[in-house]
Amino acid sequence: MSKPRLFVFSAPSGAGKTTIVRDILKSFPEFKFSVSATTRKKRANEIDGVDYYFISEEEFKRKIDNNEFVEWEKFYDHYYGTLKKTIDENLANGFTTIFEVDVKGALNIKKVYPDAVLIFIAPPSIDELKERLKKRNTETDEELKKRIDRAEMELSYKNNFDYVVENINLDEAKEKVKKIIEKEIS
Ligand code: 5GP
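Residues numbered from 1 in each chain as written. Predicted model: local features only at pLDDT ≥ 70, side-chain atom pairs only at ≥ 80, totals over all residues. Heavy atoms only, no water.

**Q** Just checking my understanding: could you explain the site of the ligand for this structure?
**A** Taken together, 18 residues are adjacent to the ligand, and Ser36, Arg40, Tyr52, Tyr80 and Asp102 come closest. Gly81 is positioned such that a nitrogen or oxygen atom in its backbone is 3.2 Å from an oxygen atom of the ligand. In the environment of the ligand, an oxygen atom lies 3.5 Å from a nitrogen or oxygen atom belonging to the backbone of Glu100. A total of 510 Å² of accessible area belongs to the ligand in isolation, and the protein chains cover 96% of it. Contributions of two or more residues to the shell around the ligand are made by β5 (69-75), β6 (78-83) and α6 (141-155). (Near = heavy atom within 4 Å. Polar contact = N/O pair within 3.5 Å; in protein donor to acceptor, adjacent residues only side chain to side chain. Areas by Shrake-Rupley, 256 points an atom, 1.4 Å probe, with all protein chains shown as cover. Helix = DSSP H or I, 4+ residues; strand = E, 2+ residues; numbered from the N terminus.)

Written as structure tokens, this is what we have:
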């Protein structure tokens, strides 16, 4: 059995990261997704325990106090965190794990697991990103503005990643990511 690896994906929201991550999980069905905990509300298409563990702020804070997170961040008034237990169980069972976290979370995972591979999915431009977020129509105007401000901040971190994949054409971006993973696991 080859050594399990950690692949961490970050991107401004709306850059196509979730679509790419889902595609990777289909192409590599032996990989596991690291389900994060969050205090934000579940969206209609999301499943508790699959997309996130949707927990209360009280429970999240208890987990912080119990040192259960490898990393956690608070943004858009909500908490998001990667559970140590998830990573440790996956590695112990030999599962390569895929993460979808914000840029700071990615860098913090790398601090604890230096062999983690960080992949940044970049949107073609901020304007295009705004359009994609509007089309998705899952946020209020105020939330949308916060996400765009945050996207600009996240973009400024991309040079700290092992790989940057521009998502101009979704199929090409998916192929590029697959090639990176194949290279890293070979
Ligand atoms: P969303 O609310 O759109 O699902 O996610 C918002 C942001 O939170 C995205 O950038 C997503 O990657 C990030 N995120 C999700 N889970 C985690 C986590 O466990 N840790 C960190 N640091 N960010 C996360």
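**Q** Help me out: how do you make sense of the nonpolar core in this one?
**A** Across soluble globular proteins, nonpolar side chains show a tendency to be buried alongside one another. Among the nonpolar cores identified, the biggest contains 22 residues, and Phe9, Ile24, Ile119, Ile121, Val177 and Ile181 are the most heavily contacted of them. Counting only elements with at least two residues in this core, the list comes to β1 (6-10), α1 (17-27), β8 (117-122), α5 (126-136), β9 (163-166) and α7 (170-185). Not counting residues up to four positions away in its chain, the partners in contact with Ile181 are Phe7, Phe9, Ile24, Phe28 and Phe31. The next biggest cluster of nonpolar side chains, apart from the first, holds 15 residues, and it includes Val8, Ile87, Ala116 and Leu118. (Core = buried A, V, L, I, M, F, W, Y, C linked by side-chain atoms within 4.5 Å. Buried < 20%, exposed > 50% of the residue type's maximum accessible area, 1.4 Å probe, protein only. Contact = heavy atoms within 4.5 Å.)

**Q** Is there a simple way to think about the packing of α5 against α6 in this case?
**A** Any two packed helices are characterised by how steeply their axes cross, that is the angle between the axes, and by the distance between the axes. Look at α5 against α6: their axes get within 11 Å of each other, and the N-to-C directions meet at 145°. For the element pair α5 and α6, the recorded crossing hand is right-handed. Residues Ile126, Leu129, Lys130, Leu133, Lys134 and Arg136 of α5 form the contact with α6, whose own contacting residues are Leu144, Arg147, Ile148, Ala151, Glu152 and Leu155. When the residues that make up the contact of α5 with α6 are grouped by side-chain class, the tally is seven nonpolar, no polar and five charged. (Axes fitted to C-alpha atoms, helices over the stretch in contact; angles between N-to-C directions. Left-handed = near helix turned anticlockwise from the far one by under 90°. Nonpolar A, V, L, I, M, F, W, Y, C, P; charged D, E, K, R; others polar.)

**Q** I keep staring at the pattern of salt bridges and nothing clicks. Help me out?
**A** Any two side chains of opposite charge can pair, so long as their charged atoms come close to each other. Throughout the structure, instances matching the rule amount to 17 salt bridges. As a salt-bridge pair, Glu184 and Arg5 come within 3.3 Å of each other at their nearest N and O atoms. A residue pair is termed long-range when its members are at least 10 positions apart, and Glu184 in helix α7 and Arg5 in the segment before β1 qualify at 179 residues. Overall, the relative accessible area of 15% leaves Arg5 in the buried class. One salt bridge in this structure joins Arg43 and Glu46, with 3.9 Å as the shortest N-O distance. Classification of Arg43 by relative accessible area gives partly exposed; the value is 21%. By relative accessible area, which is 10% here, Glu46 ends up buried. (Salt bridge = Lys/Arg side-chain N within 4 Å of Asp/Glu carboxyl O.)

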